[in-house]
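Descriptive structure summary
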Amino acid sequence: MKNHWLSFALVVTCCLLPNLSVAQSDYTLTLSDAAGSECSDAVVSVDLVIAPSALAVNAWSLGVCSSAAALDVNAVELGADVPPGPDFEQVNLLAGGWTTGVVLSFLGLTQLPPGGSYQLHAASYTPLGTIGSSSAVSFCDTLGSPAVETVLSDFLGGSQYADSSDVGLVTSVSPAPVNDNCQNALAATVGLQTFTLCSATTDGQPVVCSFDDAGPDDQIHQDVWYCFSPSCTNPVTVSTVGSGLETRIAVYAGCGCAGATGQLLACAGNSTGSPTGGSIASFTAQAGESYMIRVGTATGTSATGEGVLRLSRDVSTCLVSSVGGVLQLPPVCCDYVGIAQLHTIVDGLPPGTTLQIAARHQRFLIIDTVPSPCGTMETFDSTVVLEITGTGTLAGFERTLEIDLPNGQVCTGEIDTDLPIQTVNTEMLNLFGILNDDPDFEMLSVCAGTDLGYDSPGQLTLVQDDMDPTVFELISEFDINYCIEFAGAAGGVLDGLSGSTVGGAVMSSGSMQSFRRGDANGDGSFDVADPVFLLNFLFVPGSPPLGCPDAADVNDDGSNNIADGVTALSALFIPGQPGPPAPGSTTCGTDPTFDDLGPCEQLSCPPTP
C-alpha cells in the first residue's frame, strides 16, 4: 500500500485540473558513476535538472535497479539540494535496487524551482564483485508491488515524465594495502600502528597452529605483513585487541618472504588469550634480529576493515645477552624502578608537606668496562625520570622531570656465563645529576653511590635461558641511599624554599611485579573505592596518581581509561558479570599479558623474583 502514496496525492487535484504532460527535455534525471570497495561504500548521486521553461517540482517517485549479486545497497538519503523536512518521505530497500517517494509539501509551500540542478538522493552501495569490475545502476519501473514508476509532479498534481535513460556504473577499485605482499612488508615498531585488510590478498602459506576461532582451515587469509627489528632483547606481545576485527596473527624468524615460510615463533587466532576479542601472540625478541609479523583473517571475509596492531615490550622481565661470554651491565634495555617506596623531599618544606617522587632509572649507555678489585667496574651515562607529586600545602603540584646522569659507575662481581643460575654482589659507586633553571626549580640535584658517601649495595641474579644459553633473565636490586637537593625558582610555587633530604629506597630491574587486578587504590582489596579512585585520577585534576597502572587496568586492554571504571563497577554490582582478568582481584599474581603501562611504584603485593 505504501507504493500508492503518489497516486493518492495526485487524486486530490486530478478532478480540478487536467493532466499536464511536458516534453522530456524539460526534466532530466541522471545517475552518477561511483567507485567503492568492501571497506568503503560507493555513493551514487540521483540528480534532476529542470529546464527554465518547465514547471517547478513538488513531489517525485522513482525506482533504481541493480544486480543483487554485484551490488549491495546499504542506504538511501535525501540529496544535498532537497529542502529539509519534507511532508512525506518513504524509501524501500529491495533485492535488486530501491524505490522512493517524496512530497516536499502537501500545500505547495516548498518546491524545486525551474532552471536549476538538484541532487535528489545519495545511495550508498557496497560492490560485491572483484576489484576492477563494474556494475550498472539504472532507473526502472519494475520494483515494488505494485511497481513504483519514475514520475515527477508539480503542486497542482501534473505528472511529468523525465528523460531518465541515464545509466550509472559502480566500480570496485579499492587497491590492495601497500604491505599486501610479503616482499613489501612495512616496518613495525613498539607501540601502535594501523593496518587495513581491505582488498588484501593471501600470499602466505597455511600455518600449523591451534587457532582459537571458527576458521575452516589453517590458512591466514587476506594477510598483510610487517618486519620488526628490535633494539632490545625482551618478551614481545603482538596484539590486535581493540580493533573490532576477527583476526589471525603469525610471527616468523627473519624478515622477507623467506621469513614468511620460515620458523614459526608464535601464532594466535581471534579471542586466544583475549576476552575482549582480537588476537594476542607472544614471543621473545632478540636484539639485532628481525621478525616477520603476519596479520589476516580466519575465513577471508570475517575481518575486512581497518584495525590497530600493537607491539609491547615486557618491561617486567629483563633479558640480557652475552657477547663473547661478556654481559653488558647495567642492562641497556631494562629500567630500574622503585618497588615499594617513593623517593621523598622533606627538608626545606613547610611542616606536613612533602614532594613524593616516583623514580625510573633508564637509558643506559655503557662508556667503559674495566677490571676492578670488586669484579668489573662499568662507567655509563643514564637518565632518571622523576614523577613529582606534592602533598600538604603543595597538594595539586605535579611535574615530570628528566635529569641526565653522566659518568655513573657500578661495580659487579665476577660472572660465569656458563652457569645456569648465579647471584653476585653489586655496588652503586657514583650517580649524580643536576637540573638548572626549571620554572619550578632553580636547581634540583640527585646523588647516590658509595663513593659519594651514600652506601648503595645491591645484588643481581642471572638465570640462563633453557633454549638459548647466551640469553639471561636478570633480576637486579640496589638498596639506594640518596640525597636530593633543591632550590625553588623565583616566581614559582617553590619560591623561597630550599633544602637537602637524605633517604633510601629499593630500586629494582627485572622483578616480576605482583598485584591484584582492580585494586586501583592499592589498599589490598577490590571494592567500590577502587573505581572511584581511578575515575578521580582520570578526570579530577590534582588527584593522587596510580600506584600500579596494571592493577588499575581492570579490563586488561593495556591502557587506563574510563572503560576500566565501567568494568570495575559492572563486576562489583551487576550479577553474572565476570570479575577482573588474571591475576584476578582476590589473589596476588603477575600480568599474563604484556603492555606498556609501566611498573608499579606502590604495591599491595610483594614482588615475585
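Within a beta sheet, neighbouring strands are joined by backbone hydrogen bonds and run either parallel or antiparallel to one another. Strand order in this open sheet of 5 strands is S13-S15-S20-S17-S18, and the pairing throughout is mixed. Only two strands of the sheet have a single partner each, and these edge strands are strand S13 (186-188) and strand S18 (264-269). Within this sheet the neighbouring strands show an average axis-to-axis angle of 25 degrees, counted without direction. Direction of pairing for S13 relative to strand S15 (residues 221-228): parallel, over a ladder of 3 bridges. Each residue of the ladder has a partner; that of Leu186, found in S15, is Tyr226.

Turning our eyes to something else, we now look at the confidence of the model for the protein chain. Of the residues in the protein chain, 89% have a pLDDT of 70 or more, and the chain-wide mean is 85. For the protein chain, the element scoring lowest by mean pLDDT is helix H1 (residues 5-14), at 33; strand S30 (residues 441-448) scores highest, at 97. When the criterion is pLDDT under 50, residues 1-24 qualifies, and its contacts beyond four places in sequence or with other chains add up to 38 contacts. Low pLDDT (under 50) marks residues 272-276, which in the prediction has 7 contacts with non-local residues, meaning those over four places away or in another chain.

The next point concerns the environment of Thr240. Tracing the backbone through its elements, the reader meets Thr240 in the loop between strand S16 (234-239) and strand S17 (248-253). Between the alpha carbons of Thr240 and Ser279 there is a distance of 5.3 Å; along the sequence they are 39 residues apart. In this view, Thr240 contacts Phe195, Thr247, Ile249, Gly278, Ser279, Val295, Val308 and Leu309; residues no more than four positions away in its chain are not counted. Side chain to side chain, Thr240 and Thr247 meet in a polar contact 2.7 Å long.

Most peptide bonds are trans, and most residues other than glycine sit at a negative phi. Here the amide bond leading from Ser145 into Pro146 is cis, since omega sits at 0 degrees, within 30 degrees of zero. As for its position among the elements, Pro146 is in the loop between strand S9 (134-139) and strand S10 (151-153). Backbone geometry places Gln222, a non-glycine residue, at a positive phi of 50 degrees. The topology assignment puts Gln222 in strand S15. Exposure remark for Gln222: the relative accessible area of 5% places this residue in the buried category.

By size, the foremost hydrophobic cluster in this structure holds 43 residues, and its most contacted members are Ile345, Leu355, Leu386, Ile388, Ile403, Phe441 and Leu444. The biggest single contributor to this core is strand S32 (residues 471-488), with 7 residues. Apart from the residues within four sequence positions on either side, Ile345 is in contact with Thr354, Leu355, Ile357, Leu444, Ile484, Phe486 and Thr501. One finds Leu29, Ala42, Val44 and Leu48 within the second-largest nonpolar core, a separate group that totals 33 residues.

Time to look at the packing of aromatic side chains. Counted under the stated rule, the structure contains 6 aromatic pairs. Both rings, one in Phe283 and one in Tyr291, keep their centres 5.1 Å apart while their planes meet at 55 degrees; by these two values the pair is tilted. Per residue, the accessibility class of Phe283 equals that of Tyr291, and both read buried. Taking the centre distance of 5.7 Å and the plane angle of 70 degrees together, the rings of Phe364 and Phe380 count as edge-to-face. In this pair, Phe364 sits in strand S26 (residues 355-372) while Phe380 sits in strand S27 (residues 375-390), placing the two residues 16 residues apart along the sequence. Joined through ring pairs, the aromatic side chains of Tyr336, Phe364, Phe380 and Phe478 make up one cluster.

In the structure shown here, the tally under the stated rule is 6 salt bridges. The salt bridge partner of Asp438 is Arg399, with a shortest N-O separation of 2.9 Å. On the criterion of sequence distance, the pair formed by Asp438 in the loop between strand S29 (421-436) and S30 and Arg399 in strand S28 (residues 398-412) is long-range, its members being 39 residues apart. Assessed through its relative accessible area of 22%, Arg399 is described here as partly exposed. Through salt bridges with shared partners, a single network forms among Arg399, Asp438 and Asp440.

What follows covers the packing of helix H3 (residues 529-539) against helix H5 (residues 562-573). Interhelical geometry of H3 versus H5 gives an angle of 165 degrees and a closest axis separation of 9 Å. Between H3 and H5, the interaxial angle falls into the category roughly antiparallel. As H3 runs across H5, the sense of the crossing is left-handed. Residues Pro531, Leu534, Leu535, Leu538 and Phe539 of H3 lie in contact with H5, whose contacting residues are Ile562, Asp564, Gly565, Ala568, Leu569 and Leu572. Within the contact of H3 with H5, the residues separate by chemical class into 9 nonpolar, 1 polar and 1 charged.

What follows concerns the environment of Pro581. Relative to the elements of secondary structure, Pro581 occurs in the segment after H5. Judged by its relative accessible area of 21%, Pro581 falls in the partly exposed class. On a C-alpha basis, the gap between Pro581 and Asp553 in space is 9.6 Å, while along the polypeptide they are 28 residues apart. Filtering out sequence-adjacent residues up to four positions away, Pro581 remains in contact with Arg517, Val554, Asn555 and Asp556.

A word on the sheet that holds strand S21 (residues 306-313). Taken in spatial order, the 4 strands make up an open sheet running S14-S21-S16-S19, and their pairing is antiparallel. Looking at which strands have only one partner, the edges of the open sheet turn out to be strand S14 (191-196) and strand S19 (280-285). Each neighbouring strand pair of the sheet contributes to a mean axis angle of 20 degrees, computed without reference to strand direction. Of the pairings in the sheet, the one linking S14 to S21 comprises 6 bridges and is antiparallel in character. Paired with Phe195 across the bridge in S21 is Gly307.

Rules and cut-offs
Residues numbered from 1 in each chain as written. Predicted model: local features only at pLDDT ≥ 70, side-chain atom pairs only at ≥ 80, totals over all residues. Heavy atoms only, no water. Pairing = 2+ DSSP bridges. Helix = DSSP H or I, 4+ residues; strand = E, 2+ residues; numbered from the N terminus. Axes fitted to C-alpha atoms, helices over the stretch in contact; angles between N-to-C directions. pLDDT = per-residue confidence, 0-100. Contact = heavy atoms within 4.5 Å. Polar contact = N/O pair within 3.5 Å; in protein donor to acceptor, adjacent residues only side chain to side chain. Buried < 20%, exposed > 50% of the residue type's maximum accessible area, 1.4 Å probe, protein only. Core = buried A, V, L, I, M, F, W, Y, C linked by side-chain atoms within 4.5 Å. Phe/Tyr/Trp six-rings, centres within 6.5 Å; stacked < 30°, edge-to-face > 60°. Salt bridge = Lys/Arg side-chain N within 4 Å of Asp/Glu carboxyl O. Parallel < 35°, antiparallel > 145°, perpendicular 65-115°, else oblique. Left-handed = near helix turned anticlockwise from the far one by under 90°. Nonpolar A, V, L, I, M, F, W, Y, C, P; charged D, E, K, R; others polar.

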